[in-house]
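Overview (structure and organization)
Take a look at the letters that make up each chain.
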Amino acid sequence: MLTDIEIAQQAKMKNIRDIAAELGIIEDEIMPIGHYKAKITDRAVDRVKNNKDGKLILVTAVNPTPAGEGKTTVSIGLGEAMAKIGKKAVVALREPSLGPVFGIKGGAAGGGYSQVVPMEDINLHFTGDMHAITSANNLMCAMLDNSIQQGNELNIDPRQVLIKRCLDMNDRALRNIVCSLGGKVNGVPREDHFIITVASEVMAILCLSEDVFDLKRRLGNILVAYTYDGQPVYCRDIKANGSMTVLLKDALKPNLIQTLENTPVIMHGGPFANIAHGCNSIRATKTALKLADYTITEAGFGSDLGAEKFLDIKCRFAKLKPSCIVLVATVRSMKYNGGVPKDELKEENLAALEKGSVNLGAHIDNLKKYGVPVVVAINHFYADTQAEIDFVENFCKEKGADFAVTKCFAEGGAGGTELAEKVVEACEKENNFHHLYPDDMSVYDKIETIAREIYGADGVDYTKEAKAAIDGFVKLGADKMPVCIAKTQYSLSDNPKLLGRPKNFRITISSASLSNGAGFLVCLSGSIMTMPGLSKSPSAFNIDIDEEGRTVGLF
């Protein structure tokens, strides 16, 4: 089989104006960037805002394993399959980050015959949104340091600066630095830090903003530092939010692209799900809902992270109601959770499959707590046996979830028609969607609820530093905010080594931060890397230009 990039380079793409026209967007309502990418203008967003909403389908997954689950591939394939069965659908995805592209994980454009294109552009600079977010964030940091340098009228304590500079690249050398060295003219020396762009609050804010004025307000609410006497300093106090908004005004416009089969895709925003809320932008999702009968969107990592935050944070803010949740799993992921090493996952092993099915079962149980119909999508791999598929199907039926096998990677939309039919049926079923917790529940009870109901923990412990931070943020109004717990994606617990469905454990909140502009409280459990590093053999080793000038090695 051809590689992903070879398949993408052979795609027969339509002009982006034609893709827009299929959605009812007229030519002067898009800002084309070349022939195959465009920004959807505010005029288009405003014109369709009173259209009836289509059905919203969330695609999530079990806990990630080294074997890969293919959540984005299934999302794209489902969108293509909807067209195959005569349904008008739009896929709404997150944008890739350069860090994973050149690191280990690779891009976020799908795989095989279920990809979005132009794949090279999408996985690299795309429409410049990541660069705009990076610039806006770093402008805020520069203006804060300048405020300290130019007389420090706000009485900012350099030891209590909360914001961090960012870069859309994996660079461990920048995690912890000292800045402003070299004498008085270069500023006030202090400890500083870099995070990857997708972990920044500016990214989260872009994805949660309803319009440019909401964006400016939220940027102004970023808690940037404390004064020497412990008073909060916000982004609006250093007068940075206006200029940041100007840098972001085009980045706020959703991006229109297409799949290999020319299904429309709106790809916009990309916060990490273990650090932030892990969903594409509210503007992208809401616009898609107005343009098609079915909108397929995804949330990062497993349902314990991405889906929980989609349902409890994004849907809360945007007043969205999903009609169906697709839970992606693989036979290989279940065997891995049953104790099978990665290099032995191709062998049939029904005993390990049964043992590892508890992880899938936990995710089904958790998602059903939200009152939304669940369809399990088994992403098919060539080594899967019929006996294994039959076991998973029976297991899902016993758990009260619909089931479909998908072959989108190898067959594109044609390999997802069974899933598409099941999703259409599920969207018509009884739906009693509700959040896991109410707004007025205390912060500690919200954390406890997520830990017990979603992770299966026996309770929550706090370090002294974390409790002091949370108590301080509550005084600033965080008590009414939803909670974003940052933890490992590899386990339902906060210990990445505890696979399956862990029992008899507690999680520990080690620190907390306030994403005041985004509107949620972040609680860190375990060790989460906000600035990844490169591996000994990163993907960058394999990315190159061949003798004919074509990009090779992207995936």
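Figured I'd write up the structure that's included with this text.

How each quantity is defined
- Just so you know, the residues in each chain are numbered from 1, in the order the chain's sequence is written.
- Residues qualify for local features only when their pLDDT is at least 70, as the model is predicted, and side-chain atom pairs are given and counted only at 80 or more; totals for whole chains, interfaces and linings, by contrast, use all residues.
- No hydrogens and no water enter the side-chain calculation; it runs on all heavy atoms of the structure.
- For helices the rule is a DSSP run of H or I covering at least 4 residues; for strands it is a run of E covering at least 2, with both sets numbered from the N terminus onward.
- Only one rule defines a salt bridge in this text: a Lys or Arg side-chain nitrogen within 4 Å of an Asp or Glu carboxyl oxygen.
- Three exposure classes are used, based on accessible area relative to the maximum for each residue type with a 1.4 Å probe and protein chains only: buried under 20%, partly exposed in between, and exposed over 50%.
- Note on pairing: two strands pair once DSSP finds at least 2 bridges between them.
- Should any heavy atoms of two residues lie within 4.5 Å, those residues are considered in contact.
- Two aromatic rings, drawn from Phe, Tyr or Trp (for Trp, its six-membered ring), form a pair once their centres lie within 6.5 Å of each other, and the interplanar angle then sorts them: stacked below 30 degrees, edge-to-face above 60, tilted otherwise.
- For helices, the fitted line uses only the C-alpha atoms of the stretch in contact; every axis is such a line through C-alpha atoms, and the angle between N-to-C directions lies from 0 to 180 degrees.
- Helix span is expected to be 1.5 Å times the residue number reduced by one.
- These descriptions rest on fixed angle ranges, namely under 35 degrees for roughly parallel, over 145 for roughly antiparallel, 65 to 115 for roughly perpendicular, and the rest for oblique.
- We call a crossing left-handed when the near helix sits turned anticlockwise from the far one by less than a right angle, and right-handed when that turn is clockwise.
- Each C-beta atom gives one direction from the helix axis, and the arc is the one those directions make.

1. What about unusual backbone geometry?
- Put simply, Val117 and Pro118 share a cis peptide bond, and its omega is 5°.
- Looking at the element boundaries, Pro118 is found in the loop between strand E6 (114-117) and helix H6 (119-123).
- Non-glycine residue Phe126 carries a positive phi angle of around 50°.

2. Comments concerning the pattern of salt bridges
- Enumeration according to the criterion identifies 35 salt bridges in this entry.
- Lys290 is the partner of Asp53 in a salt bridge, and the nearest nitrogen-oxygen pair spans 2.9 Å. Taken together, the residues span a long stretch of sequence, with Asp53 in the loop between helix H3 (42-48) and strand E3 (55-61) and Lys290 in helix H11 (residues 282-291) at a distance of 237 residues.
- Residue Asp53 is classed as partly exposed on the basis of its relative accessible area of 42%.
- When the shortest N-O distance is used, the salt bridge between Glu548 and Arg550 registers 3.5 Å.
- A residue is classified by how much of its surface remains accessible, and Glu548, at 63% relative accessible area, is exposed.
- Residue Arg550 is classed as partly exposed on the basis of its relative accessible area of 41%.
- One salt-bridge network, in which partners are shared between bridges, spans Asp145, Arg165, Arg190 and Asp192.

3. Regarding the pairing of E6
- Across the two faces of E6 the burial is the same, with Ser114 and Val116 and Gln115 and Val117 all buried.
- Taken together, the 2 bridges between strand E5 (residues 110-111) and E6 define a ladder with antiparallel strand orientation. Within E6, the residue paired with Gly110 across the bridge is Gln115.
- Two successive antiparallel strands, E5 and E6, enclose a turn made up of 2 residues, where Gly112 displays a positive phi of approximately 60°.
- Examined bridge by bridge, E6 and strand E13 (residues 255-259) share 2 bridges and lie antiparallel to one another. When the sheet's bridge partners are listed, Val116 is paired in E13 with Thr259.

4. Some details on the environment of Thr449
- Within the fold, Thr449 resides in helix H18 (residues 443-455).
- According to the relative accessible area criterion, Thr449 is buried, its value standing at 16%.
- Separated by 255 residues in sequence, Thr449 and Phe194 place their C-alpha atoms 32 Å apart.
- Beyond its immediate sequence surroundings of up to four residues, Thr449 is in contact with Leu436, Met441 and Ile454.

5. Focus on the side chain of Ser147
- Note that Ser147 resides in helix H7 (residues 129-149).
- Non-local contacts of Ser147, meaning those with residues more than four positions away in its chain, are made with Asn152, Glu153, Leu154, Ile156 and Ile238.

6. Describing the packing of aromatic side chains
- With the rule as written, the count across this model stands at 2 aromatic pairs.
- Between the aromatic rings of Phe391 and Phe395, the centroid separation amounts to 6.3 Å while the plane-to-plane angle is 20°, which identifies the pairing as stacked. A residue pair is termed a helical-turn pair when its members lie 3 or 4 positions apart in one helix, as Phe391 and Phe395 do in helix H15 (residues 386-398) at 4 residues.
- What makes Phe391 partly exposed here is its relative accessible area of 22%.

7. Re the sheet that holds strand E10 (residues 190-196)
- Taken in spatial order, the 3 strands line up as E8-E10-E9 in an open sheet, and their pairing is mixed. Each having just a single partner strand, strand E8 (165-167) and strand E9 (176-179) make up the two edges of the open sheet. Averaged over neighbouring strand pairs, the angle between their axes works out to 40° when direction is ignored.
- H7 rests against E8 and E10 of the sheet, and its axis sits at about 155° to E8.

8. Points about the environment of Thr73
- Relative to the assigned elements, Thr73 resides in helix H4 (residues 71-84).
- For Thr73, a relative accessible area of 8% translates into the label buried.
- As a C-alpha pair, Thr73 and Cys324 span 251 residues in sequence and 18 Å in three-dimensional space.
- Contact partners of Thr73, with chain neighbours within four places excluded, come to Gly110, Gly111, Ser114, Cys408 and Phe409.

9. Notes on H7
- Relative to the 30 Å expected for 21 residues at 1.5 Å per residue, H7 spans 30 Å between its end C-alpha atoms, a close match to the ideal helical length.
- At the C-terminal side of H7, Gly151 shows a positive phi close to 95°.

10. Focus on the pairing of E13
- Counting buried residues along E13, 5 of its 5 residues qualify, which places the element largely inside the surrounding structure.
- Pairing between E13 and strand E14 (residues 264-267): 4 bridges, direction antiparallel. Paired with Gln258 across the bridge in E14 is Pro264.
- Hairpin connection, E13 to E14: the antiparallel pair is bridged by 4 residues, and Asn262 has positive phi, about 70°.

11. What to know about the packing of H7 against helix H8 (residues 201-208)
- It is at 9 Å that the axes of H7 and H8 come closest, and there the two elements cross at 125°. Our classification of the angle between H7 and H8 gives oblique. Judged by the twist between their axes, the crossing of H7 over H8 is right-handed. Seen from H7, the contacting residues are Met130, Ile133, Ala136, Asn137 and Met140; seen from H8, they are Val202, Met203 and Leu206.

12. Description of helix H19 (residues 464-475)
- The end-to-end C-alpha distance of H19, which contains 12 residues, comes to 17 Å, matching closely the 16 Å that a straight helix rising 1.5 Å per residue would cover.
- Every buried residue belonging to H19 is among Ala466, Ile470 and Phe473, and all of these are buried. Along H19, the residues classed as buried sweep out an arc of 65° about the axis, all on the same side. The exposed residues of H19 that point more than 90 degrees off its buried face are Lys464, Glu465, Ala468 and Lys475.
- Positive backbone phi, approximately 110°, marks Gly477, located one or two places after H19.

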